[in-house]
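Spelled out, the chains give:
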Protein chains: 2
Amino acid sequence: MPASPLLIVGSMAFDDLDLPSGQARDVVGGSCTYAGLAASHFAPVRAVAVVGEDFPQATLDDLGKRGVDCAGIERAKGKTFRWWGRYADDLVSRTTLDTQLNVFADFKPKLPAGYSESPYVLLGNIHPALQLEVLAQIKKPRLVAADTMNFWISGERKLLGQVLEKIDLLVINDEELRQLAEIHNLTRAARAVLKLGPKRLIVKRGEFGALLFDSDDTFFVPAYPLEDEVDPTGAGDSFAGALLGYLAQKDATDRATLRQALHTGATVASFCVEAVGTGRLTTLEPGAIRMRMGELRALVHPGD
Amino acid sequence: MPASPLLIVGSMAFDDLDLPSGQARDVVGGSCTYAGLAASHFAPVRAVAVVGEDFPQATLDDLGKRGVDCAGIERAKGKTFRWWGRYADDLVSRTTLDTQLNVFADFKPKLPAGYSESPYVLLGNIHPALQLEVLAQIKKPRLVAADTMNFWISGERKLLGQVLEKIDLLVINDEELRQLAEIHNLTRAARAVLKLGPKRLIVKRGEFGALLFDSDDTFFVPAYPLEDEVDPTGAGDSFAGALLGYLAQKDATDRATLRQALHTGATVASFCVEAVGTGRLTTLEPGAIRMRMGELRALVHPGD
């Protein structure tokens, strides 16, 4: 059975990263890039994003060779979105030193012909108004997942509420969940957010793993315990991308497939952290993914 | 097969707790109390601790009825150890407002006749010199576990090193592990500490679960996701007590039994958090433990 295509709408960026291991400049990043590369190991990806005139064509060509269809990546006049961040020595806390939206400020996702029939959709954390525009163009999807962020939760709650009513799966981190629900306890916050619309909710907790909540189930996947963490940038997007890519590959959203998709997401995210930028995502082999997924399963196996 | 006895050496205390839900005063606590009650659901417990003249005999009688042999609990002249702590609204961070060691300052563990042949031993986080004194009195134990704390790691590293060389299992929290290894990365810190002597290491991470490391294995158990957390005091001691109690019950320390013991510890710790002090540990029924252990297993089951 061939994998179903996955549509990903998000950002493409240049990241300047101040890491404990040193400074990295002009690193190709953005949610669409990380999620797309992560998903490309499992399913054909359709990327919708915007880049500036300074974005190398060779990078887009390379994405294309990896199974990421770049027909929906618009090249606009001006510079590519740029983010500069500094990580603490523990790689957990980070500070944004500069954000230049550039061409991303006027991003209007345009779906190429045929993309509106994508069965699997991942909406990156763009403005909820844009997420709604994409949703309006999508016909009969099998699963739509969305991410969001603190900025939209505090500033665009009403529009975000409309997004939540239309999606199947919300993928956010624990602090965003608490902010959205205005409840500190994660389990109760999750139950409250499920009442806002999404059928399922996945809470990303970084090095502490991720939790899946739906109407009658809770599932937990730990983060793979890494000995050498280099750069956590894009780990959350890689998690979401691999998760959706796995569902598209299996063309299924039942409970067992979802649980395996979370293991897949956690596995690919752990590889992402092992190198600067997308370095590890582009060298990843199926055998390495399979082996680490086996280790992750063994890590939680109750032992009998 | 009858359960093997478990010797627990630790503190007994009065805790004054400033909790988000209100103030609680003169709450019976201490590592020996929490670990003992948690373990008593699985194996006969031999408690070695000290209390002052103000400690109610009725509480000791009640422990005795629950299978905690109190012959090793010395009643000394003076007042019982007292701790006053204030928890933040998220119940994660806490501040010590006052510590009165009282009779605990001169605690010298005295093992009643027969205790030195206890096959399972849990040494609470008392002074490493006292842990060594107890270790010197123990004959042919099957498994000795020890806890420690930041105070001894920074102030008594040499004596603590001698303890580490003599124990089978070290049970500490993640910050203590990092401090002991002087390495931030948990996995590498764990590998470094295993080289100091203990055959196995369990890292407690509170609401994020616990990790087991030994020479060739890593195992993870999540915390049970609670909707109503009331008081985390003693959760770590309850975890260790139930873990050791389970091993003593099964009289086994193989890999599968250890993994099940970690699930048992995580389960009982989650109950501990549901009420102030030891309130929930004393009303806990075997059926409730079994049911929640089943939920914890289902929480991490990969789904196929």
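The preceding data block contains the structure.
Here the structure is a predicted model, which means the values were calculated and not measured.

## Focus: the overall build of chain A
Next up, step 1: Scanning chain A from N- to C-terminus turns up 10 helices and 13 strands.
Next up, step 2: Relative to the 2.2 N^0.38 estimate, which gives 19 Å for 304 residues, the radius of gyration of chain A is 18 Å and therefore close to what a compact globule would have.
Next up, step 3: Each principal axis of the C-alpha atoms in chain A carries an extent, and together these give about 55 × 45 × 45 Å.
Next up, step 4: Here chain A displays about 12100 Å² of accessible surface, and carbon together with sulfur accounts for 51% of that area.
Next up, step 5: If the 33 positive side-chain charges of chain A are averaged to one point and the 39 negative ones to another, these points end up 6 Å apart.

## Topic: the relation of the copies chain A and chain B
Next up, step 1: Each copy of the sequence occupies a distinct position, and chain A is placed on chain B by a rotation of 180° and an axial shift of 0.0 Å, giving an RMSD of 0.0 Å. On this basis, the relationship between the two copies can be described by a two-fold rotation axis.
Next up, step 2: The fraction of interface residues of chain A whose copies in chain B are also interface residues reaches 100%, indicating that both copies meet through the same surface.

## A few points about the interface of chain A and chain B
Next up, step 1: Contact residues are listed per partner, giving 31 residues for chain A and 31 residues for chain B.
Next up, step 2: Taking both sides of the interface into account, the surface hidden between chain A and chain B amounts to around 2900 Å²; carbon and sulfur atoms contribute 49%.
Next up, step 3: Contact with chain B buries area across many residues of chain A, yet F208, E227 and P302 of chain A alone supply 20% of it, more than any other trio.
Next up, step 4: At the junction of chain A with chain B, the criterion picks out 4 salt bridges.
Next up, step 5: Between D228 of chain B and R188 of chain A there is a salt bridge, with its nearest N and O atoms 3.9 Å apart.

## Observations regarding the packing of helix 8 (residues 235–250) of chain B against helix 9 (residues 255–272) of chain B
Residue and element names in this part refer to chain B.
Next up, step 1: In contact at an axis separation of 7 Å, helix 8 and helix 9 are set at 140° when each is read in the N-to-C sense. Classed by the angle they form, the pair helix 8 and helix 9 counts as oblique. Of the two elements, helix 8 crosses helix 9, and the hand of that crossing is right-handed. Contacts between helix 8 and helix 9 pair A235, S238, F239, A242, L243, Y246, L247 and K250 from the former with T257, L258, Q260, A261, L262, T264, G265, A266, V268, A269 and C272 from the latter.
Next up, step 2: Of the residues in the contact of helix 8 with helix 9, the class split is 13 nonpolar, 5 polar and 1 charged.

## Comments concerning the packing of aromatic side chains
Next up, step 1: Summed over all chains, the structure comprises 12 aromatic pairs over all chains.
Next up, step 2: Plain terms: the ring middles of F104 of chain A and F107 of chain A are 5.7 Å apart, the flat faces sit at 20° to each other, and that makes the pair stacked.
Next up, step 3: Cluster of aromatic residues (ring-pair linked, three or more members): F81, F104 and F107 of chain A.
Next up, step 4: Directly above the aromatic system of Y224 of chain A lies the positively charged group of R292 of chain A, at a separation of 4.4 Å from the ring centroid.
Next up, step 5: One residue, R292 of chain B, lies across the ring of F271 of chain B, its end atom 3.8 Å from the ring centre.

## Focus on the pattern of salt bridges
Next up, step 1: Under the definition given, this model contains 38 salt bridges over all chains.
Next up, step 2: Between E274 of chain B and R292 of chain B there is a salt bridge; the shortest N-O distance is 2.9 Å. Taken together, the residues E274 of chain B in the loop between helix 9 and helix 10 (286–300) and R292 of chain B in helix 10 connect sequence positions 18 residues apart.
Next up, step 3: For E274 of chain B, a relative accessible area of 24% translates into the label partly exposed.
Next up, step 4: Salt bridges linked by common partners bring D16, D26 and R82 of chain A together as one network.

## What to know about helix 10 of chain B
Because each turn of an α-helix spans 3.6 residues, side chains separated by three or four positions end up pointing in the same direction.
Next up, step 1: In this model, helix 10 of chain B (15 residues) spans 22 Å end to end at C-alpha, consistent with the 21 Å of a helix rising 1.5 Å per residue.
Next up, step 2: When helix 10 of chain B is considered as a whole, its buried residues turn out to be I289, R292, M293, L296, L299 and V300 of chain B. In a view along the axis of helix 10 of chain B, the buried residues occupy a sector of 115°, so they form one face of it. Seen from the buried face of helix 10 of chain B, the exposed residues on the opposite side, beyond 90 degrees, are R290 and M291 of chain B.
Next up, step 3: At its buried positions, helix 10 of chain B is contacted by strand 13 (217–221), helix 9 (255–272) and helix 10 (286–300) of chain A together with strand 13 (217–221) and helix 9 of chain B.

## Re the pairing of strand 12 (residues 210–214) of chain B
Residues and elements named next belong to chain B.
Next up, step 1: Here strand 12 lies mainly inside the structure; 5 of its 5 residues are buried.
Next up, step 2: Alternating residues of strand 12 divide into A210, L212 and D214 and L211 and F213, and every residue in both groups is buried.
Next up, step 3: Taken together, the 5 bridges between strand 11 (residues 200–204) and strand 12 define a ladder with antiparallel strand orientation. The residue of strand 12 that forms the bridge with I202 is L212.
Next up, step 4: The antiparallel hairpin formed by strand 11 and strand 12 contains 5 residues in its connecting segment, where G206 sits at a positive phi of about 60°.

## A closer look at the environment of L143 of chain B
Residues and elements named next belong to chain B.
Next up, step 1: Tracing the backbone shows L143 in strand 9 (residues 143–146).
Next up, step 2: With a relative accessible area of 4%, L143 lands in the buried category.
Next up, step 3: For the pair formed by L143 and F55, sequence separation is 88 residues and the distance between their alpha carbons is 31 Å.
Next up, step 4: In contact with L143, other than residues within four places in its own chain, are P119, Y120, V121, D168, L169, L244, L247 and T253.

## A short note on the sheet that holds strand 4 (residues 45–51) of chain A
Residues and elements named next belong to chain A.
Next up, step 1: Ordered in space as 5-4-1-8-9-10-11-12-13, the 9 strands form an open sheet in which the pairing is mixed. The outermost strands of the open sheet, each flanked by one partner alone, are strand 5 (68–75) and strand 13. On average, each strand axis in the sheet is tilted by 15° relative to the strand beside it, whichever way the strands run.
Next up, step 2: For strand 1 (residues 6–9) and strand 8 (residues 120–123), the ladder comprises 4 bridges, and the chain directions are parallel. By the bridge assignment for strand 8, L7 is matched with V121.
Next up, step 3: Running over the sheet, helix 7 (residues 186–194) touches strand 10 (169–173), strand 11 (200–204), strand 12 (210–214) and strand 13 and is turned about 45° from strand 12.

## Focus: unusual backbone geometry
Next up, step 1: Despite not being glycine, D251 of chain A has its phi angle at roughly 50°, a positive value.
Next up, step 2: When you line up the elements, D251 of chain A lands in the loop between helix 8 (235–250) and helix 9.
Next up, step 3: The phi torsion at K140 of chain B lies on the positive side, around 45°, for a residue other than glycine.
Next up, step 4: For K140 of chain B, the location among the structural elements is in the loop between helix 3 (128–137) and strand 9.
Next up, step 5: Accessibility expressed as a relative area gives 81% for K140 of chain B, which makes it exposed.

## Some details on the packing of helix 9 of chain B against helix 10 of chain B
How two helices sit against one another is set out by the angle between their axes and by the gap between those axes.
Residues and elements named next belong to chain B.
Next up, step 1: In contact at an axis separation of 9 Å, helix 9 and helix 10 are set at 115° when each is read in the N-to-C sense. Here helix 10 runs roughly perpendicular to helix 9, going by the angle between their axes. Crossing of helix 9 against helix 10: the hand is right-handed. Listed contacts from helix 10 to Q260, H263, T264, A266, T267, S270 and F271 of helix 9 are A288, I289, R292, M293, L296, R297 and V300.
Next up, step 2: Tallied by class, residues from the contact of helix 9 with helix 10 come to 7 nonpolar, 5 polar and 2 charged.

Calculation rules
- All residue numbers here refer to positions counted from 1 along the written sequence of the relevant chain.
- Lettering for chains starts from A, numbering for ligands starts from 1, and both go in the order in which the items are written.
- Since the coordinates come from a predicted model, pLDDT governs what is reported: local features require at least 70, and pairs of side-chain atoms require 80 or more to be given and counted, while whole-chain, interface and lining totals use all residues.
- Neither water nor hydrogens contribute to the side-chain values; these are computed over all heavy atoms in the structure.
- Note on conventions: DSSP H or I runs of at least 4 residues are helices, E runs of at least 2 residues are strands, and numbering of each starts at the N terminus.
- Our radius of gyration looks at C-alpha atoms and nothing else; its globule reference is 2.2 Å times the residue count to the power 0.38.
- Working definition of accessibility: Shrake-Rupley area with a 1.4 Å probe, residue cover restricted to the visible protein chains.
- Think of it this way: Lys and Arg go in the positive column, Asp and Glu in the negative one, and His and the chain ends go nowhere.
- Charge positions come from single atoms, namely NZ of Lys, CZ of Arg, CG of Asp or CD of Glu.
- In superposing the copies, a least-squares fit is computed on C-alpha atoms, taking residues whose pLDDT is at least 70 in both.
- Throughout, a residue-residue contact means that at least one pair of heavy atoms, one from each residue, lies within 4.5 Å.
- Two parts placed together each lose some accessible area under a 1.4 Å probe, and adding up what both lose gives the buried area.
- Each reported salt bridge corresponds to a side-chain nitrogen of Lys or Arg within 4 Å of a carboxyl oxygen of Asp or Glu.
- Working convention: axes come from line fits to C-alpha atoms, limited for helices to the stretch in contact. Angles between N-to-C directions cover 0 to 180 degrees.
- Under this scheme an angle from 65 to 115 degrees is roughly perpendicular, one under 35 degrees roughly parallel, and one over 145 degrees roughly antiparallel; angles in between are oblique.
- Put simply, a crossing is left-handed when the front helix is turned counterclockwise from the back one by less than a right angle, and right-handed when it is turned clockwise.
- The nonpolar class holds Ala, Val, Leu, Ile, Met, Phe, Trp, Tyr, Cys and Pro. Asp, Glu, Lys and Arg form the charged class, and all remaining residues, Gly among them, are polar.
- Aromatic pairing here means that ring centres of Phe, Tyr or Trp (its six-membered ring) are within 6.5 Å. Orientation follows from the plane angle: under 30 degrees is stacked, over 60 is edge-to-face, and everything else is tilted.
- Over a ring means this: the NZ of a Lys or the CZ of an Arg is within 6 Å of the ring centre and within 35 degrees of the ring normal.
- Note on classification: 1.4 Å probe, protein chains only; a residue is buried when its accessible area is under 20% of the maximum for its type, exposed when over 50%, partly exposed between these limits.
- The span one expects for a helix is its residue count, reduced by one, times 1.5 Å.
- The arc in question is the one spanned by the directions pointing from the helix axis to the C-beta atoms.
- A pair of strands is labelled paired if DSSP reports no fewer than 2 bridges between them.

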